[in-house]
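# Structural overview
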Amino acid sequence: MFSKILIANRGEIAVRIIKTCRRMGIKTVQVYSEADAGSLAVEMADEAVLIGPAPAAQSYLLADKIVEAVRQTGAQAVHPGFGFLSENAGFARRLRDEGIAFIGPNPEAIEAMGDKISSKKLAAEAGVSTVPGHMGLIETPEEAVKIANQIGYPIMIKASAGGGGKGIRVAHSDADMAEGFAAVKAEALNAFGDDRVFLEKFIIDPRHIEIQVLGDKHGHVVHLFERECSIQRRNQKVIEEAPSPLLDEATRAAMGAQAVALAQAVNYDSAGTVEFVAGQDKSFFFLEMNTRLQVEHPVTELITGVDLVEQMIRSAWGETLAFEQKDLKIDGWAIESRIYAEDPYRGFLPSIGRLVRYEQPEEGEHNGYVVRNDSGVREGDEISMFYDPMIAKLCAWGETREAAVEGMARALEDTHLSGLGHNVPFLAAVMDQDRFKSGNLSTSYIKDEFPDGFNGLRPTVEQEHILIASALAMHEIIAEQDGDPSDRTDWIVMIDKTPHGVGLSYDEDEEMILTLTGGGDIRLSDIDWRPGLAQFKAELDGEAFTAEVKRVADGFDIRHRAARARVRVLRPHVAELYARLPEKVAADTSKMVLSPMPGLVVSIPVVVGQEVKTGETVAIIEAMKMQNILKAERDGVVKAVGAKDGDPVAADDVLVEFG
């Protein structure tokens with residue numbers, strides 16, 4: 001077995017690989033850019049080598065730097081993780097020529113499957129169902145429009161070398177096609193160094209289901225069942241689960257057999273994933289094959305008990321698979337939520353910065369569920385604009401899907417981050433939705449359920465009780481600490497502008513009993529909070545919960561899952577005065593185009609005095625390797641331009657102002 005492996009990646013996947021290597025007794029070398037010098041992966045690895053500046057094109061994407069680090073440290077193999085050089089056939093071939101093991105498939109398999117155009121042709125030859133489309137190279141927007149009309153809209157525009165949700169747009173018209181084609185080519189060139197683009201028919205109301213395959217160098221290939229990845233935003237997976245609530249045993253077996261047949265057709269010899277687009281009727285079509293470890297691999301590990309990183313290492317060493325298809329079984333259900341540094345209340349825009357606070361749920365067994373948290377950052381680390389904004393992959397396993405969903409909801413409750421925007425409230429909202437609980441999923445789920453964007457959810461009656469009880473308990477604890485305890489038994493608890501009358505008493509065990517106006521008592525016990533803590537933990541009528549809390553001048557900001565509110569504990573006469581306070585009027589920014597995120601200006605194709613029509617592009621901002629096109633929301637004349645090409649901008653900087 002290898003004695004030392006170099007990890008040619010960063011963040012949570014680097015940490016994930018290090019953990020398996022430690023368990024196997026293998027030493028690790030972590031390469032890093034200047035931006036990652038103080039990272040968790042660098043801290044955990046046995047050795048670390050600086051390979052360049054922050055931009056990936058000057059560090060993690062440079063094969064010469066990786067090979068030099070291997071020679072410098074005496075590593076015998078390279079694990080590429082996902083992204084960067086993981087699906088670069090030239091890199092895999094270079095390592096083989098240098099006598100360095102590549103912990104991934106052979107370069108010929110990468111070449112055959114890594115290119116989205118050739119992979120579809122090979123899939124068809126192997127008897128795999130494929131989506132209608134145009135697999136040849138397309139050079140111009142005009143040519144793309146012509147082909148699109150032959151196939152019929154809607155059409156997906158995809159980068160041939162793409163992955164991770166990058167380089168993908170859906171066109172519904174000739175105008176969409178012309179603009180989207182140019183944007184995808186630019187994104188593809190920037191992210192992958194390859195601007196080739198192809199088109200395929202977009203399946204209406206589809207589901208995204210993928211099969212995990214695993215092969216060795218002796219011709220053996222198995223599949224480890226499926227993952228459902230339909231909860232996506234901008235073609236980027238957000239929530240994944242295994243198995244899929246759609247599939248029956250017959251469909252699962254058919255998809256698995258096709259995935260294995262395709263892998264065998266290209267002599268596949270590592271972990272890989274065959275992705276399918278599936279109809280609600282259980283029809284399925286080959287989408288692409290990712291010749292690497294997937295971001296969402298933990299859910300497969302949780303339901304099968306197989307460590308995929310370990311199997312990749314063993315395959316690269318030349319070992320034969322230690323199990324056959326008949327040995328693999330599905331045990332329980334697992335869900336993964338990708339926690340990103342993005343603000344769901346601002347259209348999911350990237351929110352880079354420092355993790356001022358990061359409290360993670362305890363990993364391991366809980367009451368009815370198991371938690372796993374794959375993270376590459378710690379409290380105090382910075383989320384850089386140069387890389388994907390993922391903070392963690394939070395996973396929950398349960399014996400049933402219902403148990404896994406509730407376990408995930410509780411694990412999200414126990415996750416607290418501050419210092420930047422994050423999508424934990426949004427993830428919690430999905431877990432609480434009846435549609436998600438029913439398993440009725442599609443790739444348009446987020447657009448369908450949140451057509452006007454995400455603004456949180458209104459608290460349920462149970463959540464109102466949590467907000468009331470938490471605020472009143474914190475109010476009492478603070479008063480006791482300040483030496484000014486009150487003997488009042490009647491309070492008004494304001495949830496935003498809505499008053500709730502509450503009578504407060506204690507039982508013989510000093511547990512709080514809250515009598516609510518309108519009838520009914522609730523009991524708060526096992527309180528775990530003191531001033532300064534950002535999480536309030538307790539049991540309400542015997543059910544454990546965690547709320548995110550922040551003390552403010554006149555009360556508390558409290559969030560429970562997707563419901564958040566300003567909560568005040570007031571004497572009745574004071575509550576009457578609060579009800580009369582005028583609403584604050586927001587500043588008028590209707591004539592301004594603001595930068596929605598920190599990033600770099602790619603272009604501002606308008607000038608002062610220019611007449612602009614609704615829908616015309618006025619700025620393109622690049623952040624997290626994605627180009628964001630900003631369009632005019634109304635007709636107008638440009639009064640001022642606040643930035644120029646290449647300028648760095650912060651969120652809410654004025655880019656264009658109309659007269």
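The sections below set out a description of the structure shown in this document. (Residues numbered from 1 in each chain as written. Predicted model: local features only at pLDDT ≥ 70, side-chain atom pairs only at ≥ 80, totals over all residues. Heavy atoms only, no water.)

## Considering the packing of aromatic side chains
For the coordinates displayed, the defined rule picks out 13 aromatic pairs. On the numbers, 5.3 Å between centres and 45° between planes, the contact of Y345 with F454 is tilted. Pair noted here: Y345 is in the loop between β16 (342–343) and β17 (349–350) and F454 is in the loop between α15 (445–449) and α16 (461–481), with a separation of 109 residues, a long-range link. Residue F454 is classed as buried on the basis of its relative accessible area, which comes to 2%. (Phe/Tyr/Trp six-rings, centres within 6.5 Å; stacked < 30°, edge-to-face > 60°. Helix = DSSP H or I, 4+ residues; strand = E, 2+ residues; numbered from the N terminus. Buried < 20%, exposed > 50% of the residue type's maximum accessible area, 1.4 Å probe, protein only.)

## Comments concerning helix α12 (residues 401–413)
The end-to-end C-alpha distance of α12, which contains 13 residues, comes to 18 Å, matching closely the 18 Å that a straight helix rising 1.5 Å per residue would cover. Within α12, 10 of the 13 residues are buried, which leaves it mostly tucked inside the rest of the structure. For α12, the set of buried residues is R401, A404, V405, G407, M408, A409, R410, A411, L412 and E413. (Expected span 1.5 Å × (residues − 1).)

## Comments concerning the pairing of strand β14 (residues 284–290)
On any regular strand, side chains alternate: one points to one face of the sheet, the next to the other face. With respect to burial, β14 is a largely interior element, 6 of its 7 residues being buried. Of the strand pairs in this sheet, strand β13 (residues 271–278) and β14 are connected by 6 bridges, and their pairing is antiparallel. If you follow V277 over to β14, its bridge partner there is F285. Linking two consecutive strands that pair antiparallel, namely β13 and β14, is a turn of 5 residues; a positive phi of about 75° is found at K282 within it. (Pairing = 2+ DSSP bridges.)

## Thoughts on α16
For α16, which comprises 21 residues, the first-to-last C-alpha distance of 30 Å matches the rise-based estimate of 30 Å (1.5 Å per residue) to within 8%. Just downstream of α16, G483 is the residue with a positive phi angle, here 75°.

## Section: the sheet that holds strand β30 (residues 543–552)
Taken in spatial order, the 8 strands close into a barrel running β25-β26-β27-β28-β29-β30-β31-β32, and their pairing is antiparallel. Strand-to-strand twist in this sheet, taken as the mean axis angle between neighbours without regard to direction, amounts to 35°. Across 4 bridges, the pairing between strand β27 (residues 512–516) and strand β28 (residues 521–528) is antiparallel. Looking at β28, one finds that L514 is bridged to I522. Across the sheet, α12 lies against β29 (535–540), β30 and β31 (555–560), angled at about 30° from β30, the strand it touches most. Relative to β31, α16 is tilted by about 140°, and along the sheet it contacts β25 (490–495), β26 (498–506), β27, β28, β29, β30, β31 and β32 (563–570). (Axes fitted to C-alpha atoms, helices over the stretch in contact; angles between N-to-C directions. Contact = heavy atoms within 4.5 Å.)

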